[in-house]
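# Observations on the three-dimensional arrangement
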Amino acid sequence: SIPVSVHACAKTFADGTRALDPIDLQIEAGETIALLGPSGCGKTTLLRLIAGLEVPDPGGRILYDGEDVTRLAIERRNVGMVFQSYALFPNMTVRENVAYGLKVRRTAAREVRRRVDHMLEMMHIDELGHRRVDQLSGGQRQRVALARAIAVRPRVLLLDEPLTALDALLRERLRGEINGLLRGLGITAIYVTHDRSEAMALGDRIVVMNRGRIAQVGAPRDIYHRPASAFVADFAGTVNRLPAHLLAHCADARDAERASLPPGEPSGPSDFLFRPEDADIVPREDAHFIARVHASSFLGDRTRLMLEGVGDELLVIDCRPRHSLEIGAEIPIRIRPESLMRVPTE
Ligand code: ADP
Ligand code: MG
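Residues numbered from 1 in each chain as written. Chains lettered and ligands numbered in written order. Predicted model: local features only at pLDDT ≥ 70, side-chain atom pairs only at ≥ 80, totals over all residues. Heavy atoms only, no water.

## Some words on the overall build of the protein chain
This is how it is decided: Helix and strand labels come from DSSP, where a helix needs a run of H or I of at least four residues and a strand needs a run of E of at least two; each type is numbered from the N terminus. The buried label applies to any residue whose accessible area, calculated with a 1.4 Å probe on protein chains only, is under 20% of its type's maximum; exposed applies above 50%, and partly exposed to all values in between. Should any heavy atoms of two residues lie within 4.5 Å, those residues are counted as being in contact. Surface exposure here means Shrake-Rupley accessible area, sampled with a 1.4 Å probe, where a residue is shielded only by the protein chains that are shown.
On a plain count of helices and strands, the protein chain comes out with 10 helices and 18 strands. In the protein chain, buried positions account for 49% of the 346 residues. For the protein chain, the share of sequence-separated contacts (at least 6 apart) that also reach a separation of at least 24 residues comes to 69%. Summed over its atoms, the accessible surface of the protein chain is roughly 17,000 Å², and 48% of this surface lies on carbon and sulfur atoms.

This is the structure in structure tokens:
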């Protein structure tokens, strides 16, 4: 059966704020769902409904393995939670924190010791067991929070921007570790983030949210290469809009047909989008158009060019970091037609 299933869950807060329109979502056993969207779009609210920290508006239902838990308190749902700010007990040791949930569940002392040892080892904090939590760094605290949440073997692990407060290097490293952990243990998890690279790296599926609604659900590649809307395309990464007058140059009818419009979308007026890495600098005779360099930034692994003179907006193109291109230089550009993404005009 399905570990977590959300049926028509809307949420209106007491002050009248409508945080969620009715949402439907099913989470498969062992998968990690990344909930991705801008601040204020309803990610935390949805997570709190799933956890049992909020009750949905009448009509909404949450099922765990087919069982209706909509009105069941969080303590009775067996979920693990990790937040951005460490909700640890500061005056307890690392071991006591990790053991906490197990003791509440009246686990036998020997089993508690065994599991805590295992969790500390897995999170690479076995040296820290007897330290008090308020003596730890931010990254170490998040390791403790993860160990504590996973120790109870929750039916679903809920993570709300757990790495946001950490610096970039640590964030990337812990992201990799969390990925290994979730996959290695086959944990069913929902990971909330506003960071697209985190969502791509961690999610088996990404649920993109916008203003209290689901904008698209799909594998990271689908979200990136087959966005359902300009909003999703934008949120998944940098994107260019192909000026309408260039469509005929850049793509024949077949290419436009192939261009990814997710199935089921109404066919109406469309815009064509492409990513910075899907255009090349080519010999003049192969070019779709000539553009002028407006700005150029060397990024180490690539050079990012802002181009003008094609349509109203600047185009963003990535190229190899070879000879520097001068501002004002005219360069011939070719777009890979198969990379064009079609979205409904907004
Ligand atoms: P996110 O986690 O995506 O940033 P939230 O779920 O926290 O978004 O918030 C969604 C919307 O609901 C926001 O407009 C927020 O201000 C509002 N909101 C969240 N919690 C409450 C609350 N307890 N009372 C009133 N409004 C709330
Ligand atoms: Mg939030």
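Next comes the rest of the write-up.
## With respect to the site of ligand 1
Applied cut-off: For each residue, the test is whether any non-hydrogen atom lies within 4 Å of the molecule or strand; if one does, the residue is near. Any pair of N or O atoms that falls within 3.5 Å is considered a polar contact. Within protein, one atom must be able to donate a hydrogen and the other to accept it, and sequence-neighbouring residues count only if both atoms are side-chain atoms.
Every residue lining ligand 1 is accounted for by Phe13, Asp15, Thr17, Ala19, Pro38, Ser39, Gly40, Cys41, Gly42, Lys43, Thr44 and Thr45. Note that an oxygen atom of ligand 1 is positioned 3.2 Å from one of the backbone N or O atoms of cysteine 41. Here an oxygen atom of ligand 1 and a side-chain polar atom of threonine 45 are 2.6 Å apart. Relative to its free-state accessible area of 560 Å², ligand 1 is covered by the protein chains to the extent of 61%.

## Comments concerning the sheet that holds strand E5 (residues 67-68)
Note the cut-off: The pairing criterion is simple: DSSP has to find at least two bridges between the two strands.
Spatially, E2-E1-E4-E5 is the arrangement adopted by the four strands of the open sheet, whose pairing is antiparallel. Whereas interior strands pair on both sides, the edge strands pair on one side only; in this sheet they are strand E2 (18-27) and E5. Summarising the sheet, strand E1 (residues 4-12) and strand E4 (residues 61-64) pair through four bridges and their orientation is antiparallel. Across the sheet, the residue bridging to histidine 7 is arginine 61, located in E4.

## So, the nonpolar core
Going by this rule: Nine residue types can take part in a nonpolar core, namely buried Ala, Val, Leu, Ile, Met, Phe, Trp, Tyr and Cys, and a core is a set of them joined through side-chain atoms within 4.5 Å.
Membership of the largest hydrophobic core comes to 35 residues, with the highest contact counts inside it found for Val94, Val98, Ile125 and Leu157. Elements with a minimum of two residues in this core: helix H2 (94-104), helix H3 (109-122), helix H4 (138-151), strand E7 (156-160), helix H5 (168-185) and strand E8 (189-193). With seven residues, H4 is the single largest residue contributor to this core. In this structure valine 94 touches Leu120, Ile125, Leu128, Gly129, Arg131, Val133, Leu136 and Val144, once residues within four positions along its chain are discounted. Grouped together as the second largest cluster of nonpolar side chains are 27 residues, Leu25, Ile50, Tyr64 and Leu158 included.

## Some remarks on the environment of proline 22
Looking at the secondary structure, you find proline 22 in strand E2. Given the relative accessible area of 54%, proline 22 is considered exposed. Along the sequence, proline 22 and arginine 241 sit 219 residues apart, while their C-alpha atoms lie 31 Å from each other. Excluding residues that lie within four positions of it along the chain, proline 22 makes contacts with Ala8, Cys9 and Ala10.

## With respect to the packing of H4 against H5
What counts, and what does not: To get an axis, fit a line to the C-alpha atoms, keeping to the stretch in contact for a helix; angles then go from 0 to 180 degrees between the N-to-C directions. In what follows, roughly perpendicular refers to angles from 65 to 115 degrees, roughly parallel to angles under 35, roughly antiparallel to angles over 145, and oblique to any angle outside these ranges. Here a crossing is called left-handed whenever its near helix is offset anticlockwise from the far helix by less than a right angle, and right-handed whenever the offset is clockwise. Amino acid classes used here: Ala, Val, Leu, Ile, Met, Phe, Trp, Tyr, Cys and Pro are nonpolar; Asp, Glu, Lys and Arg are charged; the rest, including Gly, are polar.
Contact pair H4 / H5: the axes reach a minimum separation of 11 Å and the direction vectors enclose 15 degrees. In terms of orientation, H4 lies roughly parallel with respect to H5. Taken as a pair, H4 and H5 cross one another with a handedness that is right-handed. Of the residues in H5, those in contact with Gly139, Gln142, Arg143, Leu146 and Ile150 of H4 are Leu170, Arg173, Leu174, Glu177, Ile178, Leu181 and Leu185. By residue class, the composition of the contact of H4 with H5 is seven nonpolar, two polar and three charged.

## As for the domain arrangement of the protein chain
In plain terms, the rule: The start and end points of each domain follow an automatic or database-based domain assignment.
You can read the domains of the protein chain as domain 1 (4-225) and domain 2 (239-344). Computed over C-alpha atoms only, the centres of domain 1 and domain 2 are separated by 38 Å.

## Quick look at the side chain of arginine 77
Which entries qualify depends on this criterion: For the purpose of counting charges, residues Lys and Arg are taken to be positive, whereas Asp and Glu are taken to be negative. His and the chain ends are not included. Within this document, salt bridges are pairs made up of a side-chain nitrogen of Lys or Arg and a carboxyl oxygen of Asp or Glu, the two lying within 4 Å of each other.
Note that arginine 77 resides in the loop between E5 and strand E6 (79-82). Buried charge arginine 77 goes without a salt bridge, the closest partner of opposite sign being aspartate 68 at 7.2 Å. Engagement of the side chain of arginine 77 in a polar contact is seen with the backbone oxygen of valine 69, the distance being 2.7 Å. Among the polar contacts made by the side chain of arginine 77, one reaches the main-chain carbonyl oxygen of leucine 72 at a distance of 2.8 Å. When sequence neighbours within four positions are dropped, the list of residues in contact with arginine 77 reads Leu49, Ile50, Ala51, Gly52, Ile62, Tyr64, Val69, Thr70, Arg71, Leu72 and Arg155.

## Remarks on H5
Note on helix geometry: an α-helix contains 3.6 residues per turn, so any two residues three or four positions apart are oriented the same way. To keep it simple, the criterion reads: Each helix should span, by expectation, one fewer than its residue count multiplied by 1.5 Å.
Taking 1.5 Å as the rise per residue, H5 with 18 residues should run 26 Å; its terminal C-alpha atoms sit 26 Å apart, in good agreement. Taken residue by residue, H5 has Leu174, Arg175, Ile178, Asn179, Leu181 and Leu182 as its buried positions. Check the buried side of H5 and you find it contacts strand E3 (32-36), H3, H4, E7, E8 and helix H6 (196-202). One or two positions beyond H5, positive phi appears at glycine 186, with a value near 65 degrees.

## A look at the packing of aromatic side chains
Condition: When two rings of Phe, Tyr or Trp (its six-membered ring) have centres within 6.5 Å they constitute a pair, described as stacked for plane angles under 30 degrees, edge-to-face for angles over 60, and tilted for the intermediate range. Charge over a ring is defined by NZ of Lys or CZ of Arg lying within 6 Å of the ring centre and within 35 degrees of the ring normal.
If you walk through the whole model with that rule in mind, you get two aromatic pairs. With centroids separated by 4.6 Å and ring planes inclined at 55 degrees, the aromatic side chains of phenylalanine 89 and tyrosine 100 adopt a geometry described as tilted. Of the two residues, phenylalanine 89 sits in the loop between E6 and H2 while tyrosine 100 sits in helix H2, which places them 11 residues apart along the sequence. Assessed through its relative accessible area of 26%, phenylalanine 89 is described here as partly exposed. Each ring, one from phenylalanine 231 and one from phenylalanine 235, has its centre 5.8 Å from the other, and the planes form 15 degrees; the classification is stacked. Highlighted residues: phenylalanine 231 and phenylalanine 235, both in helix H8 (residues 230-236), separated by four residues, approximately one helical turn. Looking at phenylalanine 235, the relative accessible area reads 18%, which means it is buried. Above the face of the tyrosine 64 ring, arginine 77 is positioned so that its terminal group lies 5.8 Å from the ring centre. Cation over ring: arginine 275 sits above tyrosine 224, and NZ or CZ is 4.1 Å from the ring centre.

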